[in-house]
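Tertiary structure, described
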Amino acid sequence: MNNPDNKTPTRARFAPSPTGSLHIGNARTALFNDLFAKKTRGTLILRLEDTDLERSSAAFEREILESLKWLGIAWNEGPDRGGPAGPYRQTEREKTYREMAEALVEKGMAYRCYCTEESLEERRKAQLAKGLPPGYDGRCRHLSPEERADFERRGVPFTLRFRVPAEESVAFTDAIHGDIRFMSDSITDFILIRSNGMASYNWAVVVDDSAMGVTHVIRGDDHISNTPKQLLLYRALGRTPPRYAHHPLILGLDGKRLSKRHGATAVSQFRREGYLPQAIVFYLVGLGGIVPSDGPLLRPEEIVKAFDLSGISKGAAIFDHKKLLWINGRFIRELPMATLYHHLSPFLKNWGVMNAFDQEKQEAIIACGRDNAQLLTDFKVIFDIFLTKPDAGSAFAGEGEKDISRGILEIFAESCQETETLDEQGYISAAKAAMKRSNQRGKRFFMTLRRALTGMEHGPELTNIIPILGKEEVVSRLNHALEQL
RNA sequence: GUCCCCAUCGUCUAGCCUGGCCCAGGACACCGGCCUUUCACGCCGGCGACAGGGGUUCAAAUCCCCUUGGGGACGCCA
């Protein structure tokens, strides 16, 4: 579906509803649309589906836009930046939905339904109990003029329902799944306009996509069964439907659709936890089978180049947190320092690193800890090594070893003093000299140094840590440790 | 329940369209080893799958059918 007749420029859209954070599954939909638009040199539209007045909020809207931007998803038209196909918020198109629905009523393709929600709910339950598919039973479909007049006289609120034609075959070719066919009989009359006057999902989508000139609809698998409804609507409207691509959903470890109870799912949360946007994007496209996730780390342009809708795998994929972590670690290790630093700086500010060290030193520390980090937040421990003098005392081995430890530290301190500059080479020779003089070496020797200098048993190599600490600080820490012994 | 979608190692996948090169390749995870002053990184090795059954064919992971399993939809949510 890479724009077969490339006469018409492609127009794709991502249409989240601001009723929650942008979660990883929606992010993938957004990403696919973004990649498709970029690949075909088309347009990406961002549209807010805020017709659920109860649950939509401005805060969620802000968070969604922010998360999208952070992921590097760039829309050309949207609520925040306008465009020729506005409005980009469904609540602002309210009037159009109603007028167009009324026009359908005029033509007999839609009708007023006076059923109450409670009654509908009861009937649905009854259907289910009888083993029938739940769905509208068509009660108001053939109201007599008298009955209708009666409802109107009593001022009963109504919805506008689409009159689904019988025995029609609705087929479409999905870019990912191939041919899909439904019979209209499996679809019951659905609501176009709710009793509060607001459009319902399927209607708003069709009116919008049509008005906005959307050529390609790329969305989750869960919308496959909405597609025939929308196709019927296009038919009623006499308009050409877009092309469709339904990608599979992301599932949790238990095989159920990914949700909050599977742990972190919001993009903003991943961001806070120290994931890189590059890693998330790379993981997400890898999940779809677009790029091999074990292959080389790709730059955004390369991902665009590799992107192909028809290459997306059909089966649902389970979200594997461990693999994401691994990918994140790879990016931390392989990203250019400038890029890594950029993503790390908000964290550095929080940790009070900014005023403690100049950028050069910060970068040296980052380089020193890279191999030990999988998340950006893992750098906290690394920076702590340099930020605070360790409380080494408790970290030393048993009573009997105190004298040995003392000897090692004293002698190593001397060796350091004798060394001109304690760079990597200087450290190595100081250590060699100290080993000879103290007659200690190997694990005991180095672990003693490590504990005295960092207060921890694990961490980056001392050859990387010591040059950054510098001679003065090293000696100071050694003395500090000696005092505690 | 009805309709729709899907089905290769625990997980993500390659292979499937255009049958033989596949007693199925890679990666994550896991296990073992190496490197090493520690953890990590890195390197080497191991474990581990064509859901089942029928066809078609000289030959099927690959094509067809059925079964099973999973997912989704069926809402005045999107």
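Numbering of residues begins from 1 in every chain and follows the order in which that chain's sequence is written. Chains carry letters and ligands carry numbers; both start at the beginning, A for chains and 1 for ligands, and go up in the order they are written. For this predicted model, a pLDDT threshold of at least 70 governs which residues receive local features, and a threshold of 80 or more governs which side-chain atom pairs are given and counted, while totals over whole chains, interfaces and linings are taken from all residues. The basis for the side-chain values is all heavy atoms of the structure; hydrogens and waters are excluded.

1. Things to note about the sheet that holds strand β7 (residues 191–193)
Read from one edge to the other, the open sheet built from three strands follows the order β3-β4-β7, with strand pairing classed as antiparallel. Only two strands of the sheet have a single neighbouring strand rather than two, namely β3 (110–113) and β7. Each strand of the sheet is rotated relative to its neighbour by a mean of 45 degrees, with strand direction disregarded. Should DSSP find at least two bridges between two strands, the strands are taken to pair. Helix numbers and strand numbers start at the N terminus; a helix is a DSSP run of H or I with at least 4 residues, a strand a run of E with at least 2. Two strands pair when backbone bridges link them, and strand β4 (residues 159–162) and β7 are joined in this way by two bridges, in the antiparallel orientation. The partner of R161 across the bridge, within β7, is I191. All axes are obtained by fitting lines to C-alpha atoms, using only the stretch in contact for helices, and the reported angles, taken between N-to-C directions, cover 0 to 180 degrees.

2. Digging into helix α7 (residues 227–237)
Most of α7 sits inside the fold, with nine of its 11 residues counted as buried. One or two positions beyond α7, positive phi appears at G238, with a value near 70 degrees. Partly exposed describes any residue whose relative accessible area lies between the buried limit of under 20% and the exposed limit of over 50%, with all areas from a 1.4 Å probe on protein chains only and scaled to the type maximum.

3. A look at the pairing of strand β1 (residues 11–14)
With burial as the criterion, each face of β1 is covered, one bearing R11 and R13 and the other bearing A12 and F14. The pairing of β1 with strand β2 (residues 43–46) spans four bridges and is parallel. Bridging across to β2, R11 finds its partner in T43. Crossover connection from β1 via helix α1 (residues 24–39) to parallel β2: handedness right-handed. By convention a crossover is right-handed if, when the strands point away from the viewer, the path from the first strand over the helix to the second runs clockwise.

4. Points about the nonpolar core
For the purposes of this section, nonpolar cores are sets of buried Ala, Val, Leu, Ile, Met, Phe, Trp, Tyr and Cys residues that join through side-chain atoms within 4.5 Å. Ranked by internal contacts, the top residues of the largest apolar core, which has 101 residues, are F379, F386 and F412. Looking at this core, the element that brings in the most residues is helix α18 (residues 462–484), giving 10 residues. Throughout, the edges of the domains are those of an automatic or database domain assignment. Inspection of this core shows a minimum of three residues originating in each of domain 1 (93–247) and domain 2 (393–484). Setting aside residues no more than four positions away along its own chain, F379 makes contact with I332, L344, W351, I366, G369, R370 and A373. Counting residues in hydrophobic clusters, the runner-up holds 35 residues, among them A85, A110, F162 and I180. Contacts: residue pairs with any heavy atoms within 4.5 Å of one another.

5. Some words on the packing of helix α16 (residues 424–438) against α18
Two elements in contact, α16 and α18, have axes separated by 9 Å at closest approach and are oriented at 110 degrees. Taken together, α16 and α18 sit at an angle that is classed as roughly perpendicular. Where α16 crosses over α18, the handedness of that crossing is right-handed. Contacts between α16 and α18 involve E424, Y427 and I428 from the first element and L462, T463, I466 and P467 from the second. The classification used treats Ala, Val, Leu, Ile, Met, Phe, Trp, Tyr, Cys and Pro as nonpolar, Asp, Glu, Lys and Arg as charged, and all other residues, Gly among them, as polar. Here the residues of the contact of α16 with α18 are counted per class, giving five nonpolar, one polar and one charged. For this classification, under 35 degrees means roughly parallel, over 145 means roughly antiparallel, 65 to 115 means roughly perpendicular, and everything else is oblique. Crossing handedness: left-handed means the near helix sits turned counterclockwise from the far one by under a right angle, and right-handed means the same turn made clockwise.

6. Re the side chain of D208
Its location among the elements puts D208 in helix α6 (residues 201–211). Within the structure, the side chain of D208 is placed 2.7 Å from the side chain of Q90, a separation counted as a polar contact. Whenever two N or O atoms come within 3.5 Å, that pair is a polar contact, provided that in protein one can donate a hydrogen and the other can accept it, and provided that, for residues adjacent in sequence, both atoms are side-chain atoms.

7. Re the protein's contact with RNA strand B
Nearness is judged by heavy atoms alone; a residue qualifies as near a molecule or strand once a single heavy atom is within 4 Å of it. The immediate surroundings of RNA strand B are formed by 62 residues, with G131, R194, K256, L287 and D371 found nearest. Expressed as a percentage, the sugar and phosphate content of the atoms of RNA strand B within 4 Å of the protein is 71%. Between a sugar or linking oxygen of RNA strand B and a side-chain N or O atom of S225, the distance comes to 2.8 Å. One of the side-chain nitrogen or oxygen atoms of H458 is found 2.7 Å away from a sugar or linking oxygen of RNA strand B. Listing elements by their share of the surface near RNA strand B, those giving two or more residues are α4 (117–129), β4, β6 (178–183), α9 (277–287), β11 (317–318), α11 (321–334) and α17 (442–454).

8. Remarks on the domain arrangement of chain A
Under the domain assignment used here, chain A contains domain 1 (93–247) and domain 2 (393–484). Computed over C-alpha atoms only, the centres of domain 1 and domain 2 are separated by 75 Å.

9. Details of the pairing of β4
Burial along β4 is two-sided: the residues T159 and R161 and L160 and F162 are all buried. Judged from the four bridges that link them, β3 and β4 form a sheet pairing that is antiparallel. Within β4, the residue paired with Y111 across the bridge is R161.

10. A short note on the packing of aromatic side chains
Here the aromatic set is Phe, Tyr and Trp, taking the six-membered ring for Trp, and pairing holds for ring centres within 6.5 Å; pairs whose planes are under 30 degrees apart are stacked, those over 60 apart are edge-to-face, and all others are tilted. Here the structure, examined in full by the defined rule, presents 14 aromatic pairs. On the numbers, 5.8 Å between centres and 70 degrees between planes, the contact of F282 with F331 is edge-to-face. Within this pair, whereas F282 is found in helix α9, its partner F331 is found in helix α11, the two being separated by 49 residues in sequence. Residue class for F331 comes out buried when judged on its relative accessible area of 3%. Here the aromatic rings of Y283 and F319 are separated by 5.5 Å at their centres, their planes lie at 90 degrees, and the arrangement is edge-to-face. Pair noted here: Y283 is in helix α9 and F319 is in the loop between β11 and α11, with a separation of 36 residues, a long-range link. Judged by its relative accessible area of 3%, Y283 is buried. Judged by relative accessible area, which is 7%, F319 ranks as buried. What links up through ring pairs into an aromatic cluster is the set F270, Y275, Y283 and F319. Geometrically, a charge over a ring is one whose NZ (Lys) or CZ (Arg) sits within 6 Å of the ring centre while staying within 35 degrees of the ring normal. One cation-aromatic arrangement involves R161 over Y136; the distance from NZ or CZ to the ring centre is 3.5 Å.

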